[in-house]
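Topology and contacts: notes
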Amino acid sequence: MADGSQQSSAQAATAVQPTRAASEASGSSAAHSVDAVKIYGRGDTAVRALDNVNVSFDKGRFTAIMGPSGSGKSTLLHCVAGLDRLTSGQVYIGDAELGALTDRQLTLLRRQKVGFIFQSYNLVPTLSALDNIVLPLTIAGHKPDGPALDEVVRITGLGPRLRHRPSELSGGQQQRVAAARALVSRPDIIFADEPTGNLDSRSSAELLDFLRHAVSDLGQTLAMVTHDPLAAVRADRVVFLADGRVVDEMTSPTADTILGVMRHLGD
Ligand SMILES: Nc1ncnc2c1ncn2[C@@H]1O[C@H](COP(=O)(O)OP(=O)(O)O)[C@@H](O)[C@H]1O
Ligand SMILES: [Mg+2]
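Please read all numbers here as calculations on a predicted model, not as lab measurements.

1. Overview of helix α7 (residues 171–183)
- An ideal rise of 1.5 Å per residue puts 18 Å on 13 residues; α7 measures up with 18 Å between its terminal C-alpha atoms.
- For α7, the tally of buried residues reaches 11 of 13 residues, placing the bulk of the element in the interior.
- What α7 keeps buried is the set Gln173, Gln174, Gln175, Arg176, Val177, Ala178, Ala179, Ala180, Arg181, Ala182 and Leu183.
- Buried residues in α7 make contact with β6 (114–117), α5 (129–139), α6 (147–156), β7 (189–193) and α8 (201–216).

Listed below in structure tokens is the structure:
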């Protein structure tokens, strides 16, 4: 360790399992929250959906978020993605604190830096699959062409069906279009809220292959909510929520270790 390899081995160790402090200090966090609180409603009917959540999504990693129904998973994703605002605390995409942005600035930042995949696909029904995929580029005024687009289109595996409208595609194909749309502008982070929730097991596996490839081979960052341990095992790390709090987390998950925590949480 007396030679020049010392630094690189230290960096490698950090890359495998960074602490929160290390990841934020070194700028390796694509997005993170600090004491995030989200309260819906007021008075007697107020619901504390997020209760001081501190979570960081490291660049180039695939994080799964699990927890019982109503534990705040969607709320967390929506607030970190800038689709909704916190009651208190902060969320950051890179260095940008979303609470400090105007609605217009937030829209622009979302467009440039964030991709989102919904359980229900949310494609534009009147556009072809290809036009749906390139929509983020056309909205941003970019010409949709080049190798990056070809690569994204290729890995959808849709081939000639790219000219079809969403209603002419299976659920699995529609969700691959939605995933390609989230990926095509190469955002800093992609959020996915139960993206396999409406898919059969084969379509789920195809979508997860697609997402895993985006992280492992294209260097994307992904945060994905799922109920399915078989989906979560594809992640590098799993964060568990219960009652609006982070209650556990693990790296290199297996179906057994995930099920052990889920059973304990009583999903
Ligand atoms: N728009 C809303 N208005 C009021 N309560 C909400 C709203 N959205 C979510 N909640 C409540 O916040 C809590 C967390 O919800 P959610 O984030 O959707 O959980 P999950 O995605 O883990 O199932 C739940 O108690 C839910 O009923
Ligand atoms: Mg949800």
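2. Details of the site of ligand 1
- Around ligand 1 lies a shell formed by Tyr40, Gly41, Val47, Ala49, Gly67, Ser69, Gly70, Ser71, Gly72, Lys73, Ser74 and Thr75.
- Mapped by element, the contributors of at least two residues to the shell around ligand 1 are β2 (47–58) and α3 (73–80).
- Ranked by residue count, the leading element in the shell around ligand 1 is α3, at 3 residues.
- Of the residues that constitute the shell around ligand 1, the class distribution is 3 nonpolar, 8 polar and 1 charged.

3. As for the packing of α7 against α8
- The contact between α7 and α8 brings their axes to 9 Å, and the two run at 15°. Considering the angle they form, α7 stands roughly parallel to α8. Between α7 and α8 lies a crossing whose hand is right-handed. Between α7 and α8, the contacting residues are Gly171, Gly172, Gln175, Arg176, Ala179 and Leu183 on the first element and Ser203, Glu206, Leu207, Phe210, Leu211 and Ala214 on the second.
- Considering only residue class, the contact of α7 with α8 consists of 6 nonpolar, 4 polar and 2 charged.

4. Comments concerning the confidence of the model for the protein chain
- Looking at the protein chain, pLDDT values average 89 and 90% of them are 70 or higher.
- A low-confidence stretch, residues 1–26 (pLDDT under 50), is modelled with 14 contacts involving residues beyond four sequence positions or located in other chains.

5. Topic: the packing of α6 against α7
- With their axes 9 Å apart at the nearest point, α6 and α7 run at an angle of 160° to one another. It follows that α6 is roughly antiparallel to α7 by the angle criterion. For the element pair α6 and α7, the recorded crossing hand is right-handed. Each of Val152, Val153 and Thr156 in α6 lies in contact with α7, whose residues at this interface are Arg176, Val177, Ala180 and Leu183.
- Classifying every residue of the contact of α6 with α7 by side-chain character gives 5 nonpolar, 1 polar and 1 charged.

6. Section: the sheet that holds strand β10 (residues 245–251)
- The strand order across the open sheet formed by 6 strands is β6-β7-β8-β3-β9-β10, and the pairing between neighbours is mixed. Strand pairing shows two members of the sheet lacking a second neighbour, β6 and β10, which therefore form its edges. The average undirected angle you get between the axes of adjacent strands in this sheet is 20°.
- By the bridge criterion, 4 bridges tie β6 to β7 in an arrangement that is parallel. In the strand pairing of β7, isoleucine 117 is matched with alanine 192.

7. With respect to the sheet that holds strand β4 (residues 88–93)
- One open sheet accounts for 4 strands, arranged β2-β1-β4-β5; its pairing is antiparallel. Across the chains shown, the open sheet's two edge strands, defined by having one partner strand only, are β2 and β5 (96–97).
- Here 9 bridges tie strand β1 (residues 29–40) to β2, and the two strands are oriented antiparallel to one another. Looking across to β2, one finds that serine 29 is bridged to aspartate 58.

What counts, and at which threshold
- Residues numbered from 1 in each chain as written.
- Chains lettered and ligands numbered in written order.
- Predicted model: local features only at pLDDT ≥ 70, side-chain atom pairs only at ≥ 80, totals over all residues.
- Helix = DSSP H or I, 4+ residues; strand = E, 2+ residues; numbered from the N terminus.
- Expected span 1.5 Å × (residues − 1).
- Buried ≥ 20, exposed ≤ 12 C-beta atoms within 10 Å, placed from the backbone.
- Contact = placed C-beta atoms within 7 Å.
- Near = placed C-beta within 6 Å.
- Nonpolar A, V, L, I, M, F, W, Y, C, P; charged D, E, K, R; others polar.
- Axes fitted to C-alpha atoms, helices over the stretch in contact; angles between N-to-C directions.
- Parallel < 35°, antiparallel > 145°, perpendicular 65-115°, else oblique.
- Left-handed = near helix turned anticlockwise from the far one by under 90°.
- pLDDT = per-residue confidence, 0-100.
- Pairing = 2+ DSSP bridges.

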